[in-house]
Amino acid sequence: RRDLMIASLLARLETVEHGGPGSRSARVPPPPSSLQSELLNGVQPAATNGDTASPSVGEARASNDPETETDDPAMVERALERTLTQAGALLLPFGQVEIEPGLSYTRRETSSPVFVTSGDAGVVFIGEDRVERDEVRATLDLRAGLPFDSQIELTLPYNYVDQSVETMVGGVAGNAVDGNGGALGNPRIGVAKTLVREAGWRPDMVVRGYWDTKLGTSEDDGVALTGNFDELGFNISATKRQDPLAFVGGIGYATVFENDDVEPGDTLSLTAAAVLAASPSTSLRLGFTQQFSDDVKVDGEKLDGSDSSSGVLTIGASSILGPRALVDLALDVGLSNDAPDYAVRLAVPVRFDVPTR
């Protein structure tokens, strides 16, 4: 299109210079070298003697190229990059801070065998405890870009749980105990660093280490809220862009320290996801997370059968709300007995610039 427009304007110039049809003696065209230079550089020549000036090549390209519309904040901060940053696959540049309030709801239904003593004779039956938990978790995440392609991260959670425990014996419902409680959860602090920048076949690679403290309240009114353990973990994620798609994969490992002679097992996690830029302001994603946890130890002895394996399928969407804000909605579906039945998460990360030297 650009080449055809330049050829058309050069033909008009040649016609004028040689006095062809449509030329007027009163019109003095600019020197050829000057006009050709303007044409090749995408500058619109001035209209003369009633001729309608054609749009310049630069203007024609800008009007059809959405990436050049820098007046639209959605074009500057595409939802794809914002989603990858929110997921931890990309880091904030130095001088930017992101605050992310979030809210999630998780539904869990589990059952486990239990011994039930009935009557004065002390007859023991094998029963089943059915536990139903509705968990609401509010979080405030803070991320800040640091020099040397690094980032500091802080999470402050609040947990609320509504729980019902019902004992079944021989298929007959027995006692049911209901309860609820809420309190501050375990704060988490972490640091991330970009190891490799994407180039050719090589993906972006980010390494992250974190400390999940035991400073939160572990239970309230007899309802368990969070683990009362210190946890150290790390993970490595890789991101490969093939616009409009981005593929993300990661591996993580966490170790939990003993407390009150109880030591939960270490956890290995594997993740894989694909993020699609449906438009400059909206992205869609599909992901899968698999976790394996070792047996729990009590007084240094393993409890056989206490290990677990959980698989979760994630479906999510993100959309830019304005120059600084993004809304992210995700649905988690449990694919194994040890995973939660389902969870819904909503987050609104807001980005700010901070003055730097």
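For the structure itself, consult the block above.
Residues numbered from 1 in each chain as written. Predicted model: local features only at pLDDT ≥ 70, side-chain atom pairs only at ≥ 80, totals over all residues. Heavy atoms only, no water.

### A word on the packing of aromatic side chains
Line of reasoning, step 1. In the structure shown here, the tally under the stated rule is 1 aromatic pair.
Line of reasoning, step 2. Taken together, a centroid distance of 6.2 Å and an interplanar angle of 55° make the contact between Tyr 105 and Tyr 342 tilted. Of this pair, Tyr 105 sits in strand E1 (residues 96-118) while Tyr 342 sits in strand E18 (residues 342-347), placing them 237 residues apart in sequence.
Line of reasoning, step 3. Taking relative accessible area as the criterion, Tyr 342 reaches 36% and is therefore assigned partly exposed.
Line of reasoning, step 4. Sitting above the plane of the Tyr 210 ring, Arg 188 keeps its charged end 4.2 Å from the centroid. (Phe/Tyr/Trp six-rings, centres within 6.5 Å; stacked < 30°, edge-to-face > 60°. Helix = DSSP H or I, 4+ residues; strand = E, 2+ residues; numbered from the N terminus. Buried < 20%, exposed > 50% of the residue type's maximum accessible area, 1.4 Å probe, protein only. Lys NZ or Arg CZ within 6 Å of the ring centre and 35° of its normal.)

### Brief notes about the nonpolar core
Line of reasoning, step 1. One finds Leu 80, Leu 84, Ala 89, Leu 90, Ala 246, Val 248, Val 275 and Ala 277 forming the largest nonpolar core, which totals 8 residues.
Line of reasoning, step 2. For this core, the secondary structure elements donating two or more residues are helix H5 (79-86), strand E10 (245-256) and strand E12 (267-279).
Line of reasoning, step 3. Look past the residues within four positions of Val 248 in its chain and what remains in contact with it is Leu 84, Ala 89, Ala 238, Thr 239, Thr 271, Ala 272 and Ala 273. (Core = buried A, V, L, I, M, F, W, Y, C linked by side-chain atoms within 4.5 Å. Contact = heavy atoms within 4.5 Å.)

### Some words on the sheet that holds strand E11 (residues 262-263)
Line of reasoning, step 1. Strand order across the open sheet formed by 3 strands is E11-E14-E15, with antiparallel pairing between neighbours. Each end of this open sheet is capped by a strand with a single partner; those strands are E11 and strand E15 (301-302). (Pairing = 2+ DSSP bridges.)

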